[in-house]
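Below are the chains, spelled out letter by letter.
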Amino acid sequence: MEAEVIKAELVLPTHMSFKRIQIYEKYPKGQSKVRWKQLKQILQAENYQNYHPDEPNYVNIESPPSIHPCKRICDITGFEAPYYDPRTNLRYANADVFKLVRSLPNGYVQRYLALRKAAVVLK
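Residues numbered from 1 in each chain as written. Predicted model: local features only at pLDDT ≥ 70, side-chain atom pairs only at ≥ 80, totals over all residues. Heavy atoms only, no water.

Looking up the chain in an unreviewed UniProt entry gives the name Chromatin-remodeling complex subunit ies6-like, with the organism given as Durio zibethinus.

Dropping the structure here:
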């Protein structure tokens, strides 16, 4: 018995769904790609004149202080610092930085604290 051969035509879509659509297919000739709004247009659309003057918005940059606590930043690396050294009051991010903090002379520690505006005379 011979195997039956079926002839079929393969139909492919115009573009693959996982591929990025070409820019000329998405935007035919004569159409602009993106229309960005200017700040003046945004302000007119939002109608900021109707807002209360004490309410913070794009026009009024004065806003109340944040109710969230500020992030603690490592004095050496600049990463977020969950720890601080009670001897020097410097904040540090990990054990390697802690070794460096402990090896710093007192003058350098005072300079780091002065940068953070937390300078204290250490004994």
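Caption draft 1: Structural view of the pattern of salt bridges. Following the criterion strictly, the structure yields two salt bridges and no others. Between Arg-116 and Asp-75 there is a salt bridge, and its shortest N-O distance comes to 3.4 Å. With Arg-116 in the segment after helix H4 (106-115) and Asp-75 in the loop between helix H2 (39-46) and strand S1 (83-84), this residue pair connects regions lying 41 residues apart in the sequence. Judged by relative accessible area, which is 16%, Asp-75 ranks as buried. (Salt bridge = Lys/Arg side-chain N within 4 Å of Asp/Glu carboxyl O. Helix = DSSP H or I, 4+ residues; strand = E, 2+ residues; numbered from the N terminus. Buried < 20%, exposed > 50% of the residue type's maximum accessible area, 1.4 Å probe, protein only.)

Caption draft 2: The arrangement of unusual backbone geometry in detail. Residues other than glycine seldom take positive phi values, yet Asn-89 does so here, at roughly 65°. Residue position: Asn-89 is located in the loop between S1 and strand S2 (91-92).

Caption draft 3: Region of the structure containing the UniProt feature "domain: Vps72/YL1 C-terminal" (unreviewed entry) in the chain. Sites flagged by UniProt as "domain: Vps72/YL1 C-terminal" (unreviewed entry) map to residues 72-101. Taken end to end, residues 72-101 is 23% helix and 13% strand, and its first and last C-alpha atoms sit 16 Å apart. (UniProt positions renumbered as here; feature names shortened; annotations may be inferred.)

Caption draft 4: Quick peek at the nonpolar core. Counting residues in each nonpolar core, the largest one holds ten residues, listed as Cys-74, Ala-81, Leu-90, Tyr-92, Ala-93, Val-97, Val-101, Leu-104, Val-109 and Leu-113. The residues touching Ala-93, leaving out its near neighbours within four places in the chain, are Cys-74, Thr-77, Phe-79, Glu-80, Ala-81, Pro-82 and Tyr-83. (Core = buried A, V, L, I, M, F, W, Y, C linked by side-chain atoms within 4.5 Å. Contact = heavy atoms within 4.5 Å.)

Caption draft 5: Local environment of the packing of aromatic side chains. Using the criterion set out here, one finds two aromatic pairs in the structure. Ring centres 5.6 Å apart and planes at 25° place the aromatic pair Tyr-83 and Tyr-92 in the stacked group. Both rings, one in Tyr-92 and one in Phe-98, keep their centres 4.9 Å apart while their planes meet at 40°; by these two values the pair is tilted. Classification of Tyr-92 by relative accessible area gives buried; the value is 12%. Pairwise contacts between aromatic rings join Tyr-83, Tyr-92 and Phe-98 into one cluster. (Phe/Tyr/Trp six-rings, centres within 6.5 Å; stacked < 30°, edge-to-face > 60°.)

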